[in-house]
Each structure stands twice: as C-alpha cells, then as structure tokens.
Amino acid sequence: MSQQLFTLDYLDTPPTAVAGAEPAQDVRVSPATRTGRQRKLYIESYGCQMNFSDSEIVSSILFDEGFDTTEQLADADLVLLNTCSIREKAEQTVRMRLSQINSHKKRNPGMLVGVLGCMAERLKSKFLEEEKLVDLVVGPDAYRDLPNLIREVDGGQKAVNVLLSRDETYADITPVRLNSNGITAFVSIMRGCDNMCSFCVVPFTRGRERSRDAHSIEQECRDLVAQGYKEVTLLGQNVDSYKWASEDGTEHVNFAQLLERVARISPELRVRFSTSHPKDITDEVLYTMGRYENICKYIHLPAQSGNSRILKLMNRTYDRAWYEERVQAIRRILGPECAISTDMISGFCSETEEEHQDTLSLIDWVQYDMAYMFFYSERPGTLAARKLEDDIPLDVKKRRLQEIIDLQQKSSFARNQQAVGKVHRVLVENFSKRSQEHLSGRNSQNQVVIFPKKHYKKGDYVNVFVHTGTGGSLLGDAVE
Ligand code: SF4
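Residues numbered from 1 in each chain as written. Predicted model: local features only at pLDDT ≥ 70, side-chain atom pairs only at ≥ 80, totals over all residues. Heavy atoms only, no water.

1. Some words on the side chain of Asn-238
So the rule is basically this: The way it works is that DSSP assigns letters per residue, a run of H or I at least four long becomes a helix, a run of E at least two long becomes a strand, and they are numbered from the N terminus. Pairs of N or O atoms are called polar contacts if they sit within 3.5 Å, as long as, within protein, a hydrogen donor faces a hydrogen acceptor (for residues adjacent in sequence, only side-chain-to-side-chain pairs). Note on contacts: a residue pair is in contact if any heavy atoms of the two residues lie within 4.5 Å.
Within the secondary structure, Asn-238 is located in the loop between β11 (231–235) and β12 (243–245). A distance of 2.8 Å separates polar atoms of two side chains, one belonging to Asn-238 and the other to Asp-280. With residues up to four places along the chain from it excluded, the contact list for Asn-238 reads Met-190, Asn-195, Glu-209, Thr-275, Ser-276, His-277, Lys-279 and Asp-280.

Written out as structure tokens, the structure reads:
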C-alpha cells in the first residue's frame, strides 16, 4: 500500500441539556487564535464532552504545527469535523455538513477536509469511498499523527490512521481551550471503555479503557487555576473505573483518591465529573464528595432502562434493585439535595409495554433533575445489532420516548421547586442569554441560576436567593 497511509487494524489484540426534549446536535466552532501562523484551522465538534475535549487536544497539536484556529469556514486551509457515531442521526448530521462544506471546497480547491472521532473510527477508509471530498480520516487515538497525515495530503494523497491504542491518553498535551468562558474547563482523565453495553459503539470507536497519569491531571488543574479558571469537569466514559499506578508500582490512585487530590488544589476550584457507572460508583466516592464543599453535589448516573430483563439484554451488568440501592446510597450519604441526572433509552429490542412502564416508574421513584433521553438506534457492529432484533416499531419507540420526556419534565420542574426559597452559591459563567443585565451560572447541583447582575461579574461566586423555579432554570437575587 505504497502512497496511501492506511493502518486499519487494532494495534494489539462510546448533551445545555434541556430537561425533557432530545437535545439538538451540539456543535461548537473553534474561536480564532491570531498568532500569525501561516495556516488556518477550522474545527467543528459533535457529540459528547469527550469529543469537545479532544478537539482542544487536536488544536494544540496543530497549533505547534503552524495552524491558527479560525471561526470562518471560508478562511480555512484545513477543515476538521470531530464526529459522533452514538446514533444514526448523529452520522446523518455529519454527512449533511460535509455536503455543505463541499461548496466551500469548490470555491477553495486547496482547502483540506478531514474527519476525526467516532464516526471516522467506525467507518475507517470506507469514509473516503463514501465521501469524496474527505482527504483525511483520523481515529480518536491517532491525533499525534495528524502532522504526518497532513503532509501526506499536502503531497496529494488521501490519509487514514485509525489505530486504536492501549495506552494513549495525550497526558503531555496541553489543550488549547476552545469556546472557553475562561471559568470552566473539561479535563479528560481516561479514554476508552471496557464495558460492552450491547447498544453502544464506544468500545469499538474509542478502544479499551486506560487511565491517565494522576500527576498530569493534577498539574493540568493547577495550571487552569493559575489561569483563573474556577471549575473543572473530570471526563471519562466511566470515571468510576479510573485506576492509575505509577511505573514503579509505589503509587496507586483510584477515582475517589483522584477526586480528593483535585479538590485539595484550591477550595475556590469547583470539581465536577462525568460519566459515572451504576455498577462501579462506590460509597468511597460518595463520602469523598461529602467531605469537600467544592466537589459539586451532582452525579450523572445513566440508568438506560428501569427494567432488569432489558438491562440484562443491554449488558449493563446491574439490575433495577442494584441501581435503586446506589441511588439510596447517594441520598443517604449526600442528602436529598444531591442532584442526579441520567440517560434513558426507549424501545430497546423486545421491550414490552410493562417493561416500558418500569422505566417510567424508575424516573418517578428517583425524581431526576435532568435526563438525556433517546429512542433506541441500532448501531452497526454492536452486540445488539449482531444478536438482537430491532423489533420495536418506530412510532412505538417515539411514543414511549415522549412519555419518558413528559414525565421527566414534571420531575425536573418538581426538583427546581425544591430549590425555591433557599440561598445557593452560584459560580457566574456568563451573562444570561436573554439579557446583559442578568448573569447566569450554576449551583453545586448543576442547576442554571439567573439573577440581576448588580456589581458581580464572570468568575465570581455569588450567594443567590432563589424565588422562582422553572422547568429549566432557577431565578433569584444576589444576597450579600
Ligand atoms: S459504559 Fe456502556 S454506554 Fe457508556 S460508553 Fe461504555 S459501553 Fe458505551
């Protein structure tokens, strides 16, 4: 395979979330960096926070290669789409975007177009056959190779690197903060996933689980504090299975210990994390959260279904009783005000009406603050696609999804009512979307709080007395 750089095999042997509605495809465009570098990078990120965090790593790698980022697609020398493959809809969105980019490429034939992320990893070189304008296909573990691949494309070839790695964590790369409000930042602590949920492509598109060096995570958080950031979100597909050991084996760090290390950096640094897994979240993590005021009292705990037979078919490795016991542990150790959000799938293979009712009853029992809700979308190559029939009619999937959304909206509204009449410590992130006279931030429970700005500004911690709770946010006034 002379000219084309193809490595197809596994080296050695997968969001504002509106309480209720299915969130729109979240797209972020990189802000401009003007350092006089001769080439311009335009990067769009789709899907989960891991992808946004990866786009910051990619921008850093290319920054060192002479690329400034631009927000203007038309000005770009290199256009990169960091893609998501979690549902068919996510891939359709990318294909539509590529057809729009095609008109820019026609006007600027020198423009290079590349696809990154999970869809690139799933399709590999087939992407080049299916989308002729694409020059570059790079999987989530091959971003260090981007400079070489771009040189290949500059030489007139197509380039693909979809090697998955067992140890790549990009620990030594300082991300270029994209779309940053200068207050909150994502910090990736691990990559890949060893769970094999039968509906999920992530283990195939992001590879096996590996935890990042705890010291490099701490250092990245210290650097962020030094730059004035006030909140970090520790990211992983399943943060609870984080475990790192030093090469000499003298140091072992699990997730609870990592949380404590980051919380101790500064009491002014808020710490959040996502995503937890019901089978791995430990009481040790919950007690650690309870010991530090600056570890936010919010847990994203995907259930996916409320029925044990369906959870078994999903290979979630826990049943309804186990999940309930974990929720009770959260309530017991962190109190009823600790916020819990979740992911729910409606219409999974062979799901009966009664089993759907179990999902509704779980939502009713937990009273989630927020949820990401979707109907089952069969993903090629997954266990479910290979072993189970996608037999629930689309209209039934959609009707069940709407019932889940309607019930969740009631739960979110009720949870927001419980926040009324109390004072919340809010970290100001920005002006409210609707008025420059109001500021917007979040409390420890990750609820959005909006209040008149007075003399406060971005980055301030403000005590806000909440007088109103809506379905999606809290309204209040600053109190001294
Ligand atoms: S835990 Fe399951 S759903 Fe989540 S990324 Fe891993 S395989 Fe996918």
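2. With respect to the sheet that holds β11
We apply this condition: Paired strands, as defined in this entry, are two strands with at least two bridges between them according to DSSP. All axes here are fitted lines through C-alpha atoms, helices being fitted over the stretch that makes contact, and every angle between N-to-C directions spans 0 to 180 degrees.
With parallel pairing, the three strands of this open sheet are ordered in space as β8-β11-β14. Two strands in the sheet have a free side with no partner beyond their single neighbour: β8 (184–188) and β14 (270–274). Adjacent strand axes in the sheet meet at a mean angle of 25°, parallel and antiparallel pairs treated alike. Both β11 and β14 contribute to a ladder of five bridges, which runs parallel. Opposite Leu-235, over in β14, you have Ser-274 as the bridge partner. Against the sheet, helix α1 (residues 49–63) makes contact with β8, β11 and β14, and its axis sits at roughly 90° relative to β8, the strand it touches most. Against the sheet, helix α7 (residues 214–226) engages β8 and β11, with an angle of about 165° to β8.

3. A short note on the UniProt feature "domain: Radical SAM core" (unreviewed entry) in the protein chain
Quick note on the threshold: UniProt positions are given in the numbering used here, feature names are shortened, and annotations may be inferred rather than shown by experiment.
Cross-referencing UniProt, the feature "domain: Radical SAM core" (unreviewed entry) maps to residues 179–414 in the present numbering. Helix makes up 41% of residues 179–414 and strand 18%, and the two end C-alpha atoms of the span are 32 Å apart.

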